[in-house]
Structure formats: C-alpha cells, structure tokens
Amino acid sequence: MKAVAGFYQFNPAFGEKERNIEKIRDALCSIEADLVVLPEFFATGYQFISPEEVSELAEAVPGGMTTDILVELSRKENMYIIAGLAEKAGDAFFNSAVITGPEGFMGCYRKTHLFYEEKLFFSPGDSGFRIWKTGIGNIGVMICFDWFFPESMRTLALMGADIIAHPSNLVLQHCPGSMPVRCLENRVYAITANRTGKEDRKDGAPLEFIGMSQVVAPSGEVAIRASADEEILLVTEVDAEESKNKQLNEFNDLFRDRRPDLYRLR
C-alpha cells in the first residue's frame, strides 16, 4: 500500500479564513499526492483572545464552510486531507481535526490534551482516539500537544493505525526530535504538519511557531523535514505495510511482548 503523503507548512493570517483557504487551495492543486496534512487551526490562526472571537470563527463540523471546501478539494484532487480547525458544536467549542477524502467527509477528531490558553476557550476533546480505514492504510489523528503523552500514539497504534496525522501549532522545541522515538516504539508513520511565523495579539511574550514539519518512518528515520521558517509543501513515499510489521527480531514483537497487566498504577 504505497502512497505519496506529506504536509503543507505555512503561516496563516489570523482571522482571514478566505485568504488562508485560498492559499491551501493553490498549494494542493499544484501537487499530486494521496494524503496531505495541514496545521492545527490552519484557516483561522491560533491565538484567540476572547470567547466572542472563538464563536465568530468556529464552524460546524460537518457543514461549515471550511469542511465543505476541504471535501470539494479532496474530491477534485483525489486525495485525503487532514486539517485542524475550530469546531462549534452547540454551545461548546473544540480544537478539532477533520479528515476528508475522495469519498467526501470522513470524520472528526477532537483534541484530547489541551495546551496552555486553549483551556480558556475550548472544551477537552470527547471523541476519543479514532482511526479511519482507507485505500492507503489506516489513518489515525492526534493534534499538537497530544504527542507529549505517549499514550496517544500507543493507543492509535494498538487500534491499528499505519499513518498518524499530526496537525500542529508547535511552540515548544521538543517535538521534532522526539517523534522519531514515538514512531520507533510504535512502528508507525507520523506526519507532523506545523506552522511558521508568530502571533502577538495580547500582552506578554509572542507565540513563536517552530516549523520543522516532518514525515517520520516506522524505523524512526526522518524521511523529510522542513526548516523552521519556510512555507513549503513536501511529500514523500510511505508504505503502510511497513507499519503492520511489529517484529524486531525472531524473538521480539513490539505488541505481543507488551505486559499490560504489569503497567497499571497501584
């Protein structure tokens, strides 16, 4: 199940949905790929400063403008897209990611582990971790700070994920160097799509995003990585069959060797 997959790293303009979406449309129409991951909050920008602002920019999923456009793009370009956005669900707001494909809207994941001031405006995700079965392999989704909790990737891997899409707005420096270990210990691909630039919309230190989006193989090898500040769409070949093999040698299998009966806290 070989496929071409990657990320689009760019600097969204806060609140300018149409401008950001048009940028995505132009980028995705210029490349042939089976799967592209976009950053967290790719259409709105990240640094919300009031509940009113969140309410104005968040959208229904499905049925919102951003999701509808992603569905249209997926069908036109015959590709899967995973993208982070602000979701409105009744009176609640979630930091979410949608997955769309040639078949249309496929589902939504709500971020489990909220980071920093996200907790002021968004509810903790209640979707649970999920995977979607596709023609290029089983795709799991986590968002940004979820990576900091090893349970996130392990849960997705145990559920059968071959490729883990990771929309992000990373400001901490640790993720690019740590994801190879996450991939190695779970024998899965991970595609981290980060953003560039900075946002300085309130008093205090600005948020500076680290870029360095990457695709990491089940071996822990970094297949492709962007720099800290470039706007770029990069793709590489992935093979979901590599993720299905958890055997390290003739005696050790990563998942069969697990001892979950001894892992519980007492």
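Details of the structure are given in the entry above.
Residues numbered from 1 in each chain as written. Predicted model: local features only at pLDDT ≥ 70, side-chain atom pairs only at ≥ 80, totals over all residues. Heavy atoms only, no water.

Undergrad: Account for the state of the cysteines, naming residues and giving values.
TA: As enumerated under the stated definition, the model contains 0 disulfides in all. The thiol of C108 is unpaired, and the distance to the nearest cysteine sulfur, on C144, comes to 16 Å. On the basis of relative accessible area, C108 is assigned to the buried category, the value being 12%. Left without a disulfide partner, C144 is nearest to the cysteine sulfur of C175, which lies 7.4 Å away. (Disulfide = S-S within 2.5 Å. Buried < 20%, exposed > 50% of the residue type's maximum accessible area, 1.4 Å probe, protein only.)

Undergrad: So what's going on with the packing of aromatic side chains? Which residues, and what values?
TA: To describe a pair of aromatic rings, you give the distance between the ring centres and the angle between the ring planes. Evaluated as defined, the whole model comprises 13 aromatic pairs. With centroids separated by 5.0 Å and ring planes inclined at 5°, the aromatic side chains of Y8 and F10 adopt a geometry described as stacked. Classification of F10 as buried rests on a relative accessible area of 0%. One aromatic cluster in this structure is built from F14, F41, Y46, F48, F122 and F209. (Phe/Tyr/Trp six-rings, centres within 6.5 Å; stacked < 30°, edge-to-face > 60°.)

Undergrad: An account of the sheet that holds strand β9 (residues 189–193) is needed here, citing residue identities and associated values.
TA: The sheet built from 6 strands is open, its strands ordered β6-β7-β8-β9-β12-β13 with mixed pairing. Of all strands in the sheet, those bounded by a partner on one side alone are β6 (131–134) and β13 (222–225). With direction set aside, neighbouring strand axes in the sheet form an average angle of 15°. Here β6 runs beside strand β7 (residues 137–141); their pairing, made up of 4 bridges, is antiparallel. Looking across to β7, one finds that T134 is bridged to G137. Each of β8 (163–167), β9, β12 (214–216) and β13 touches helix α6 (residues 175–186); the most contacted strand, β12, lies at about 25° to it. (Pairing = 2+ DSSP bridges. Helix = DSSP H or I, 4+ residues; strand = E, 2+ residues; numbered from the N terminus. Axes fitted to C-alpha atoms, helices over the stretch in contact; angles between N-to-C directions. Contact = heavy atoms within 4.5 Å.)

Undergrad: Can you lay out the packing of helix α1 (residues 17–28) against helix α3 (residues 65–77) for me, pointing to particular residues and giving the numbers?
TA: Where α1 meets α3, the closest approach of the two axes is 11 Å, and the angle between their N-to-C directions is 10°. If you check the angle between α1 and α3, you find them roughly parallel. For the pair α1 and α3, contact is made by K17, E18, I21, I24, R25 and L28 and by M65, T66, I69, E72, L73 and E77, respectively. When its residues are assigned to classes, the contact of α1 with α3 shows 6 nonpolar, 1 polar and 5 charged. (Parallel < 35°, antiparallel > 145°, perpendicular 65-115°, else oblique. Nonpolar A, V, L, I, M, F, W, Y, C, P; charged D, E, K, R; others polar.)

Undergrad: Please provide a residue-by-residue account of the pattern of salt bridges, values included.
TA: Should their charged atoms come close, side chains of opposite charge can pair. If you walk through the whole model with that rule in mind, you get 16 salt bridges. We note a salt bridge from R195 to E199, for which the minimum N-O separation is 2.7 Å. The residues R195 and E199 share a single accessibility class, namely buried. One salt bridge in this structure joins R256 and D253, with 3.7 Å as the shortest N-O distance. The class of D253 is buried, set by a relative accessible area of 10%. (Salt bridge = Lys/Arg side-chain N within 4 Å of Asp/Glu carboxyl O.)

Treat this as a map of the structure, not an account of what it does.
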